[in-house]
Amino acid sequence: MYLSRFLSIHALWVTVSSVMQHYPSVWGHYDVCKTQIYTEEGKIWDYMACQPEATDMTKYLKVKLDPPDITCGDPPETFCAMGNPYMCNNECDASTPELAHPPELMFDFEGRHPSTFWQSATWKEYPKPLQVNITLSWSKTIELTDNIVITFESGRPDQMILEKSLDYGRTWQPYQYYATDCLDAFHMDPKSVKDLSQHTILEIICTEEYSTGYMTNSKIIHFEIKDRFAFFAGPRLRNMASLYGQLDTTKKLKDFFTITDLRIRLLRPATGEIFVDEQHLARYFYAISDIKVYGRCKCNLHATVCVFDNNKLSCECEHNTTGPDCGKCKKNYQGRPWSPGSYLPIPKGTANTCIPSISSIGIAPKLALSTVSSVQVANHKRANVCDNEFLHCQNGGTCHNNVKCQCPAGYTGILCEKLRCEEAGSCNSDSGHGERAQGSLILLMALLGIITGPRLF
């Protein structure tokens with residue numbers, strides 16, 4: 001009895017898992033690029049918009065500091081304790097692993113004890129500004145999916161700017177300003193993300209929310225991605241269809257959450273007071289224990305997998321696309337202009353697959369019909385099945401919205417190339433219709449890119 005109950009539960013779980021796999025975008029995952037469906041023409045591929053799962057992107061970045069010698073420890077120096085700024089007997093020494101604080105410690109696995117962190121030199125050259133640029137580069141376009149979180153071991157900076165680049169660091173634009181006094185530091189009125197709306201979501205703000213000095217539990221700075229998503233998807237991000245619809249139709253909104261590089265500009269360390277104590281400059285420095293950047297590779301909704309090979313991220317493109325971001329059609333698949341996939345219509349989106357170039361069709365009829373597999377038929381819903389230039393409906397059929405031929409009585413098939421009597425096996429074998437239908441079907445399959453055998457690229 002127990003065995004049969006277990007098998008019943010197992011069968012139910014397999015069924016539920018199968019349903020979840022074929023309808024992933026209900027949860028906003030888009031983790032399947034294609035699936036098989038049954039139509040009048042048999043089993044075919046149905047292509048869908050797809051994207052990689054979100055992950056911790058700090059595993060794949062390169063970090064650069066400017067000035068390059070700003071990290072403490074070369075030469076060794078002492079600094080003041082975090083909790084007691086007047087106890088200045090801590091040491092930073094780059095030549096001793098236990099006392100070194102190199103940049104990679106901003107991204108290592110953080111156990112509870114001890115905490116590891118990068119640390120800058122102290123403000124020993126005051127009043128010259130103590131400023132540091134920390135640049136995070138991926139050499140790949142990525143889409144942010146969660147808050148950027150920076151955890152400081154020193155006090156949080158009195159002044160800081162978070163910047164982004166969309167062109168691999170050639171140009172930069174501000175993401176958000178942080179200050180203890182926004183008006184004094186950046187000539188901006190202080191705001192928080194809660195002061196924004198759907199119409200002002202792209203506004204660059206200065207916030208005083210994260211800039212207190214030496215205070216307990218005052219270590220973290222956020223750049224709020226989820227709060228911005230919530231303007232469209234609701235407070236708990238349950239209406240992802242609304243968010244995806246906005247991202248799909250508003251390019252500036254999608255670009256806002258897209259980056260190739262991030263830059264943290266530390267402009268003034270935490271002082272915790274109005275005046276700098278010039279007698280204890282070893283109190284002032286920057287120290288960061290952790291940076292979190294969650295996102296996914298941008299693959300233009302043409303891939304579910306992003307691989308990290310030879311220290312480089314790249315999409316494993318589907319839908320006959322290619323390039324690091326799946327940003328163009330493959331050779332011989334340029335039958336229409338490349339287009340990114342679309343989240344719409346919910347829930348499966350639109351794949352916008354690249355289709356074969358007309359110039360590449362010439363050799364296709366030489367291939368045998370027997371090489372065609374029924375499971376290799378392209379998604380004719382999205383592949384311009386018929387038009388008025390190259391893909392005429394045959395035998396008097398008319399093209400409807402480029403996706404279906406409406407056939408006259410007596411004919412069937414995608415291009416009305418087949419006699420209905422063939423399906424019943426009652427056609428006259430001498431009529432010649434069978435040979436014409438077979439030739440037309442080969443041409444159609446060539447247009448849809450489903451002939452197997454020698455590759456055309």
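The present account deals with the structure reproduced in this document. (Residues numbered from 1 in each chain as written. Predicted model: local features only at pLDDT ≥ 70, side-chain atom pairs only at ≥ 80, totals over all residues. Heavy atoms only, no water.)

Let's talk about the nonpolar core
To keep things clear, this is the line we draw: The nonpolar core is taken to be a set of buried Ala, Val, Leu, Ile, Met, Phe, Trp, Tyr and Cys residues, with the residues joined through side-chain atoms within 4.5 Å. For every residue, the accessible area (1.4 Å probe, protein chains only) is compared with the maximum for its type, and the residue is labelled buried under 20%, exposed over 50%, or partly exposed between those bounds. Think of it this way: any DSSP run of H or I at least four residues long counts as a helix, any run of E at least two long counts as a strand, and we number them from the N terminus. For this analysis, residues touch if any pair of their heavy atoms sits within 4.5 Å.
Ranked by size, the top nonpolar core spans 57 residues in total, and within it Trp 118, Ile 134, Trp 138 and Leu 266 carry the most contacts. Per-element accounting of this core gives the leading share, 6 residues, to strand β8 (residues 132-144). With residues near it in sequence (within four places) discarded, Trp 138 still touches Met 57, Tyr 60, Leu 61, Ile 259, Thr 260, Asp 261, Leu 262, Val 293 and Leu 313. Counting 8 residues, the second largest nonpolar core, distinct from the first, contains Tyr 177, Cys 182, Met 188 and Cys 206.

Notes on the packing of helix α3 (residues 226-233) against helix α4 (residues 240-249)
Here is the rule we go by: Lines fitted to the C-alpha atoms define the axes, with helices restricted to the stretch that makes contact. Angles between their N-to-C directions range from 0 to 180 degrees. The cut-offs work like this: below 35 degrees is roughly parallel, past 145 is roughly antiparallel, 65 to 115 is roughly perpendicular, and the gaps in between are oblique. For this scheme, ten residues count as nonpolar: Ala, Val, Leu, Ile, Met, Phe, Trp, Tyr, Cys and Pro. Four count as charged, namely Asp, Glu, Lys and Arg, and the remainder, Gly too, count as polar.
At a minimum axis separation of 7 Å, α3 and α4 run at an interaxial angle of 100°. As far as their axial angle goes, α4 and α3 are roughly perpendicular. Contact residues: α3 offers Phe 229, Phe 232 and Ala 233, while α4 offers Met 240, Ser 242, Leu 243 and Gln 246. Its residues placed into classes, the contact of α3 with α4 shows 5 nonpolar, 2 polar and no charged.

Some thoughts on the state of the cysteines
Rules: Here, two cysteine sulfur atoms that lie within 2.5 Å of each other are counted as a disulfide.
Evaluated as defined, the whole model comprises 8 disulfides. Covalently, Cys 72 is tied to Cys 92 through a disulfide, its sulfur atoms 2.0 Å apart. Taking the sign of the S-S torsion, 75° for the link of Cys 72 and Cys 92, the bridge is right-handed. Residue Cys 72 is found in the loop between β4 (62-66) and β5 (77-79), and its partner Cys 92 is found in strand β6 (residues 90-92); the two are separated by 20 residues along the sequence.

Looking at the side chain of Lys 298
For clarity, the threshold we go by: We count Lys and Arg on the positive side and Asp and Glu on the negative side, and we leave His and both chain ends out. Just to be clear on terms, a salt bridge is a Lys or Arg side-chain nitrogen sitting within 4 Å of an Asp or Glu carboxyl oxygen.
Secondary-structure assignment places Lys 298 in the loop between β16 (294-297) and β17 (306-309). No salt bridge is formed by the buried Lys 298. Its closest oppositely charged neighbour is Asp 255, at 4.9 Å. Aside from chain neighbours lying at most four places away, what touches Lys 298 is Lys 140, Thr 141, Ile 142, Glu 143, Thr 258, Cys 315, Pro 324 and Asp 325.

Focus: unusual backbone geometry
Residue Pro 75 is bonded to the preceding Asp 74 through a cis peptide linkage, with omega at 5°. Relative to the elements of secondary structure, Pro 75 occurs in the loop between β4 and β5. At the junction of Leu 344 and Pro 345, the peptide bond is cis and its omega measures out at -5° in the coordinates. Phi is positive for Asn 300, close to 55°, though the residue is something other than glycine. Within the secondary structure, Asn 300 sits in the loop between β16 and β17. Assessed through its relative accessible area of 14%, Asn 300 is described here as buried. Backbone geometry places Asn 310, a non-glycine residue, at a positive phi of 55°. For Asn 310, the position within the fold is in the loop between β17 and β18 (312-315).

Some thoughts on α3
Filter applied, for reference: To be clear, the arc concerns the directions from the helix axis to the C-beta atoms.
Regarding α3, the residues found buried are Arg 228, Phe 229, Phe 232 and Ala 233. An end-on view of α3 places all buried positions within 130° of arc, on one side of the element. Buried residues in α3 make contact with β8, β11 (173-179), β13 (220-223), α4 and α5 (251-256). In the segment just after α3, Gly 234 is the residue with positive phi, at about 90°.

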